[in-house]
Amino acid sequence: MTRTKKRIEAMRLFTILFTILSLFTSEALSQPVMELIEKNPAYASCNYSIYPDSIPDNLTPAPSGKRPFYISHYGRHGSRYISNRKGYDTPYKMMLHAGAVDELTPVGKKVLDEMTLILNDTEGRWGELTSLGARQERQIARRMIQRFPEVFEGAAHVDAKSTVVARCITSMGYAMMEMAQLNPQLQITMRASKRDQDYMNHQDPHLRKNYMTPETQKAYDAYVEPRMGNSRLMEQIFKNPDLVKEIVDEWYFNYYLMKMGLFVLNTHLSDHTYLMSLFTTEELYRMWQIDNVLWYIQHGACKLNGGKQPHTQKTLLRKLIADADSCLQLPRPGAQLRYGHDTVILPLVCLMGINGYDLATDNLDELEAKGWWCSSIFPMGANLQFIFYRSTPKDQDVLVKVLLNEQEATLPIATDCAPYYHWTDFRRYCMEKLEQ
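Everything numeric in this text was worked out from a predicted model, so none of it was measured. (Residues numbered from 1 in each chain as written. Predicted model: local features only at pLDDT ≥ 70, side-chain atom pairs only at ≥ 80, totals over all residues. Heavy atoms only, no water.)

Engineer: Is there a simple way to explain the overall build of the chain in this structure?
Structural biologist: Counting secondary structure elements, the chain contains 15 helices and 8 strands. At 24 Å, the chain has a C-alpha radius of gyration in line with the 22 Å of a compact globule built from 436 residues. In terms of overall dimensions, the chain has a C-alpha envelope of 80 × 75 × 40 Å along the principal axes. Across the 436 residues that make up the chain, the buried fraction comes to 54%. (Helix = DSSP H or I, 4+ residues; strand = E, 2+ residues; numbered from the N terminus. Rg over C-alpha atoms; globule rule 2.2 N^0.38 Å. Buried < 20%, exposed > 50% of the residue type's maximum accessible area, 1.4 Å probe, protein only.)

What follows is the structure, given as structure tokens:
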């Protein structure tokens with residue numbers, strides 16, 4: 001065999017091997033999402049997913065002599081009821097219309113009964129914190145004190161702020177109630193004021209309005225189209241699926257009925273899983289893919305629309321740095337806790353590049369394989385905790401560790417003591433982000 005033929009053959013074999021390896025790698029990386037959804041269907045609901053009941057206690061010990069002395073935090077409210085009727089009315093009105101013309105199968109009639117039960121139970125509670133949400137906030141607060149008792153010793157100061165939305169105020173209240181029970185000496189202050197909204201719940205109107213550019217819309221439609229619809233579901237619920245298409249939009253019906261079944265898991269009706277039983281793991285997975293991509297476009301560093309969406313939270317990041325600068329001058333700064341929303345914590349995580357969520361791409365198909373999974377960022381009760389360490393109040397080498405949902409997180413910052421970062425490096429990195 002000539003040298004040229006050997007080279008061609010080698011290239012051909014390499015190409016085959018690379019293709020097989022790429023397929024294997026893609027499957028290996030995407031499979032965990034399917035497995036997560038199979039074990040925990042709520043994961044498919046993205047921002048409606050449920051905060052875990054327990055957190056592994058596997059924190060890395062601090063370098064010798066360093067002790068936690070200050071915590072800065074931003075957390076999402078706990079589990080809540082759906083914020084308004086639209087999400088439920090969309091499939092419910094379609095079902096009522098189909099029922100009025102006698103197009104519901106026995107399964108369809110049971111679905112309508114279940115929907116009616118959920119809708120009536122939610123009436124008058126739109127957007128309110130559920131009992132599950134209250135328990136989540138108490139558990140998170142309890143673990144914070146148990147994990148970092150030095151920050152909360154004696155008459156330590158806890159400064160808690162919330163947006164003016166009721167579910168956030170209530171979340172703050174339950175968390176502070178738990179802390180006060182664990183240490184009655186704590187000096188706790190709470191505030192929910194419009195004066196804090198410019199950084200607690202800042203939404204850039206230009207970026208929020210213009211995220212779906214023509215190029216982005218084209219890519220999104222191409223990604224979503226093969227994942228839309230659910231003819232199997234239609235055949236289960238309607239006697240003549242083709243006839244009812246005039247009154248039932250298959251895609252919207254499938255999407256919102258699934259969301260209804262997922263959302264109810266956050267309420268006291270969580271044992272009512274009939275709606276969830278209608279969907280296969282594969283169908284839940286496809287819906288997760290659609291939502292995951294949309295959240296990336298809206299709040300991630302998506303190149304298709306300019307990659308600027310995370311910059312909506314520059315104001316909050318600047319405030320976090322300024323507050324830390326002030327607190328580091330104090331002998332016992334305690335904790336600053338802030339209670340807000342998913343549309344704040346998600347872009348903040350992306351802006352800071354926590355756990356690689358600053359991923360910038362124009363290829364929506366590679367998003368999942370590269371680990372950009374929004375459900376892992378902002379479930380109900382999601383939180384970012386910045387834990388500060390030093391040996392004494394005079395120690396200038398302050399360290400900071402980041403916890404995302406109470407688990408140690410990484411940042412693209414060089415460090416000799418991971419997962420701890422030197423505050424000077426951390427601060428410089430954040431200031432560079434703010435100057436971009």
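Engineer: Explain the side chain of K66 to me, please; I cannot follow it from the model alone.
Structural biologist: Looking at where K66 falls in the secondary structure, it is placed in the loop between helix 1 (3–39) and strand 1 (67–76). By relative accessible area, K66 is classed as buried at 15%. A distance of 2.6 Å separates the side chain of K66 from the side chain of D395, its partner in a polar contact. Not counting residues within four places of it along the chain, the set of residues in contact with K66 comprises Y389, R390, S391, D395, D397 and L399. (Polar contact = N/O pair within 3.5 Å; in protein donor to acceptor, adjacent residues only side chain to side chain. Contact = heavy atoms within 4.5 Å.)

Engineer: Explain the pattern of salt bridges here, please?
Structural biologist: A side chain with one charge can pair with a side chain of the opposite charge if their charged atoms come near. As enumerated under the stated definition, the model contains 22 salt bridges in all. Across the salt bridge formed by R143 and E406, the nearest N and O atoms sit 2.8 Å from each other. Here R143 is found in helix 4 (residues 131–147), whereas its partner E406 is found in the loop between strand 6 (399–404) and strand 7 (407–408), with 263 residues between them in sequence. It is possible to trace a salt-bridge network through shared partners that takes in R85, D89 and E123. (Salt bridge = Lys/Arg side-chain N within 4 Å of Asp/Glu carboxyl O.)

Engineer: So what exactly am I meant to see when it comes to the packing of helix 8 (residues 214–224) against helix 12 (residues 281–299) here?
Structural biologist: The relative placement of two packed helices is expressed as an angle between their axes plus a distance between the axes. Between helix 8 and helix 12, whose axes approach to 10 Å, the crossing angle comes to 165°. What the angle tells us is that helix 8 and helix 12 run roughly antiparallel. As helix 8 packs across helix 12, the resulting crossing turns out to be right-handed. Note on element contacts: helix 12 touches helix 8 through Q289, I290, V293, L294 and I297, opposite T216, Y220, Y223 and V224. Considering only residue class, the contact of helix 8 with helix 12 consists of 7 nonpolar, 2 polar and no charged. (Axes fitted to C-alpha atoms, helices over the stretch in contact; angles between N-to-C directions. Parallel < 35°, antiparallel > 145°, perpendicular 65-115°, else oblique. Left-handed = near helix turned anticlockwise from the far one by under 90°. Nonpolar A, V, L, I, M, F, W, Y, C, P; charged D, E, K, R; others polar.)

Engineer: Even after reading the chapter, I still don't get the environment of I82, so can you show me in this structure?
Structural biologist: Mapped onto the fold, I82 is located in the loop between strand 1 and helix 2 (86–100). Judged by its relative accessible area of 8%, I82 falls in the buried class. In this structure the C-alpha to C-alpha distance between I82 and N266, which are 184 residues apart in sequence, comes to 9.2 Å.

Engineer: Could you clarify how one ought to interpret the pairing of strand 5 (residues 383–390) in this entry?
Structural biologist: The side chains of a regular strand alternate between both faces of the sheet. Of all the 8 residues making up strand 5, 8 are buried; the element is thus mostly covered by neighbouring parts of the structure. The alternating pattern of strand 5 places N383, Q385, I387 and Y389 and L384, F386, F388 and R390 on opposite faces, both of which are buried. Judged from the 8 bridges that link them, strand 1 and strand 5 form a sheet pairing that is antiparallel. In the sheet register, Y70 faces strand 5, and the bridge partner there is F388. Pairing of strand 5 with strand 6, which is carried by 6 bridges, proceeds in the antiparallel orientation. Bridging across to strand 6, Y389 finds its partner in L399. (Pairing = 2+ DSSP bridges.)

Engineer: Just to check I follow, could you spell out the environment of Y252 for this structure?
Structural biologist: Position of Y252 among the secondary structure elements: in helix 10 (residues 250–263). Expressed as a C-alpha distance, the spacing of Y252 and H157, which sit 95 residues apart in the sequence, is 49 Å. Discounting chain neighbours no more than four positions away, the residues touching Y252 are T90 and M94.

Engineer: Would you mind going over unusual backbone geometry with me for this structure?
Structural biologist: A negative phi angle is the norm for most residues apart from glycine, just as the trans form is the norm for most peptide bonds. For the peptide bond that leads from A418 to P419, omega is 5°, which places it in the cis range. Here P419 lies in the loop between strand 7 and strand 8 (420–422). Positive phi is not limited to glycine here, since C46 has a value of about 55°.

Engineer: How should I be thinking about helix 15 (residues 423–435) in this particular structure?
Structural biologist: In an α-helix, one turn spans 3.6 residues, which is why side chains three or four residues apart end up on the same side. For helix 15, spanning 13 residues, the distance from its first C-alpha to its last is 18 Å, which sits close to the expected 18 Å at 1.5 Å a residue. Among the residues of helix 15, those classed as buried are W423, F426, Y429, C430, K433 and L434. Summarising the axial view, the buried residues of helix 15 lie within an arc of 140°, below the 170-degree limit, and thus occupy one face. Tucked inside the fold, the buried residues of helix 15 contact helix 13 (314–327), helix 14 (342–352), strand 5, strand 6 and strand 8. (Expected span 1.5 Å × (residues − 1). Arc of directions from axis to C-beta.)

Engineer: Explain the pairing of strand 1 here, please?
Structural biologist: With 9 of its 10 residues buried, strand 1 lies for the most part within the structure. Pairing geometry for strand 1 and strand 4 (residues 334–340), over 7 bridges, is parallel. Across the sheet, the residue bridging to Y74 is R338, located in strand 4.

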